[in-house]
Amino acid sequence: MKESQLSTPTVSKLVRDMEESATLKMASMARELKAQGLDIIDLSLGEPDFDTPHHIKEAAKIALDEGYTKYTPVNGLVELRQAIVDKLAREYNLQYSLNEIVVSNGAKQSVYNLCRALLDPGDEVILPAPYWVSYDGIVKMVGATPVVIPSSIDDDFKCSPEAIEAGITERTKFILYSSPCNPSGSVLNLEELEALAAMLRRHPHVYVISDEIYQHINFTNHHYTIAALEGMKDRTVIINGMAKGYAMTGWRLGYTAGPEWIAKACTKIQGQVTSGATSFGQKAAAVGLAADHGPTHDMVKAFKSRRDLIIRLLEEIPLLRVNRPQGAFYIFPDVSGYFGKTSATGYHVKDADDMSLFLLSEAHVSTVSGVAFGNPDCIRLSYATSDAKIKDAAQRIAEALSTLA
Ligand SMILES: Cc1ncc(COP(=O)(O)O)c(C=O)c1O
């Protein structure tokens, strides 16, 4: 074939249509500016600034020395799945079998597996907004349709069961949410979960994917799962993982607990895509789940005090409306009071995307626009950083916003 006959190489339509992860994009912009020598405070990424607890790292080292360097079963080492089964029994009195657990390369892969396993093109997924940015991206990636249910700071970013019910159709496959929530930090309490379950009982074809990755980072001192409510276990898949509560983001360990037919389907997909998660990491995770949670509790104490600090500082800024997150390590202020204003440097802030870029370029603070999370009035700030950086960032934000008129 002559060179002229070769068609221009193109990536797939899927990739062309796909949006880059907004959080990763913002973090990479912040890194670029840092590399140019600018002093950027990065409040855009979602990972604890703590190190993995010592006993978990030691367990990984021991596992390496013991020869845990080979492939594991696709759905995870029995030892880790047993630790997950024990945890779920201990915490919620829920009895799962080993075959109902699937360990994956991060909870993000768990979300992907579930969407691939359960959704056909044209199926619908209810996403109460604000939602974790990857839900929307992954649902679309598999050809299904996100049905976004809006909420606002006035409802503490929680959608009523009635609003969710109005979004249910015959094509609805499941509802997907995180509690504690990324990005709002809102936590669904028992009463709210009961009300959601009561509504869902009227719609038996709708499953629930309950992402509980921030389970431990919860300032209400109690985490509830909808799976433990009457009649819900057989139609719920819990997603959880080691990343947030154990400061193990780089280890890539997530898992699901749910009906065996779903676990089997996820295992089949994972078997073609990645196989099992890292062997020695799984051994260490089993230790982490079963051992004393002292380091996690210390971390949560620090997050709580930082949350109080950032709330106090942001509340002093005139047109910001500040929520009071009960979990995770994000705050999601409503910045719409500044929309339509222009800075002395000529920066016109029309929406949350502009606000996020304005704060990066003028205050040198990176945040993520709420647009990516399905809420165009807010921006997300992660307070998984030191008190000093939180204070500095809040001051820079206050100064930059004061130039908008
Ligand atoms: C709500 C939510 N679910 C899942 C994940 C992914 O976790 P992992 O790092 O285990 O893939 C994140 C990470 O930011 C998250 O915020």
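Going by the structure above, here's the rest.
Position labels on residues start from 1 in each chain and follow its written sequence. Since the coordinates come from a predicted model, pLDDT governs what is reported: local features require at least 70, and pairs of side-chain atoms require 80 or more to be given and counted, while whole-chain, interface and lining totals use all residues. Think of the side-chain values as coming from all heavy atoms in the structure, minus any hydrogens and water.

J.: Give a detailed account of the site of the ligand, specifying residues and quantitative values.
T.: Around the ligand, 13 residues are found, and the nearest of them are Ala-107, Asn-182, Asp-211, Lys-244 and Arg-252. Between N or O atoms, a polar contact is any pair within 3.5 Å; within protein, one atom must be a potential hydrogen donor and the other a potential acceptor, and residues adjacent in sequence are included only when both atoms are from side chains. Taking Lys-108, its main chain carries an N or O atom lying 2.9 Å from an oxygen atom of the ligand. At 2.6 Å, a side-chain N or O of Asp-211 approaches a nitrogen atom of the ligand. All accessibility values rest on the Shrake-Rupley procedure with a 1.4 Å probe; residue burial counts only the protein chains present in the view. Its free accessible area being 390 Å², the ligand has 92% of it covered by the protein chains. If a single non-hydrogen atom of a residue is within 4 Å of a molecule or strand, that residue counts as near it.

J.: How would you explain the side chain of Ser-110 if you had to name every residue and give the values?
T.: Note on conventions: DSSP H or I runs of at least 4 residues are helices, E runs of at least 2 residues are strands, and numbering of each starts at the N terminus. Locating Ser-110 in the fold gives a position in helix α5 (residues 107–118). Contacts between residues were defined by any pair of non-hydrogen atoms, one from each residue, lying within 4.5 Å. When near neighbours in sequence (up to four residues on either side) are disregarded, Ser-110 contacts Ser-104, Ile-239, Gly-254, Tyr-255 and Thr-256.

J.: Outline the sheet that holds strand β3 (residues 124–128), listing residues and values.
T.: Think of it this way: DSSP has to see at least two bridges between two strands before they count as a pair. With mixed pairing, the seven strands of this open sheet are ordered in space as β2-β8-β7-β6-β5-β3-β4. One side of each edge strand has no neighbouring strand; the edge strands of this open sheet are β2 (101–104) and β4 (145–149). The sheet shows a mean angle of 20° between the axes of neighbouring strands, taken without regard to direction. In the sheet, strand β7 (residues 236–241) pairs with strand β8 (residues 254–257) via four bridges, with the strands oriented antiparallel. Its bridge partner lying in β8, Asn-240 is registered against Tyr-255. Geometry is summarised by axes, namely lines fitted to C-alpha atoms with helices restricted to the contacting stretch, and by angles between N-to-C directions that run from 0 to 180 degrees. Running over the sheet, helix α6 (residues 133–141) touches β3, β4, β5 (172–178) and β6 (207–211) and is turned about 150° from β4.

J.: Just give me the short version of the layout of surface pockets, but keep the residues and values in it.
T.: Space inside the second largest pocket adds up to approximately 510 Å³. At the level of secondary structure, the elements contributing two or more residues to the lining of the second largest pocket comprise α2 (22–35), α5 and α6. Its residues assigned to classes, the lining of the second largest pocket shows 12 nonpolar, nine polar and six charged. Structurally, the lining of the second largest pocket is a two-domain feature, drawing no fewer than three residues from each of domain 1 (3–51 + 295–400) and domain 2 (70–290). Residues are called lining when one of their atoms sits within 4 Å of a cavity or pocket point, these points coming from a 1 Å grid over the protein atoms alone, where a cavity is a set in which a 1.4 Å probe fits but cannot get out and a pocket is an open set with protein on both sides within 12 Å along at least five of seven lines. Grid points are joined across faces, edges and corners, and a volume is the space filled by probe spheres set on the points. Following the grouping adopted for this structure description, the nonpolar residues are Ala, Val, Leu, Ile, Met, Phe, Trp, Tyr, Cys and Pro, the charged ones are Asp, Glu, Lys and Arg, and the polar ones are all others, Gly among them. Just so you know, the domain bounds were taken from an automatic or database domain assignment.

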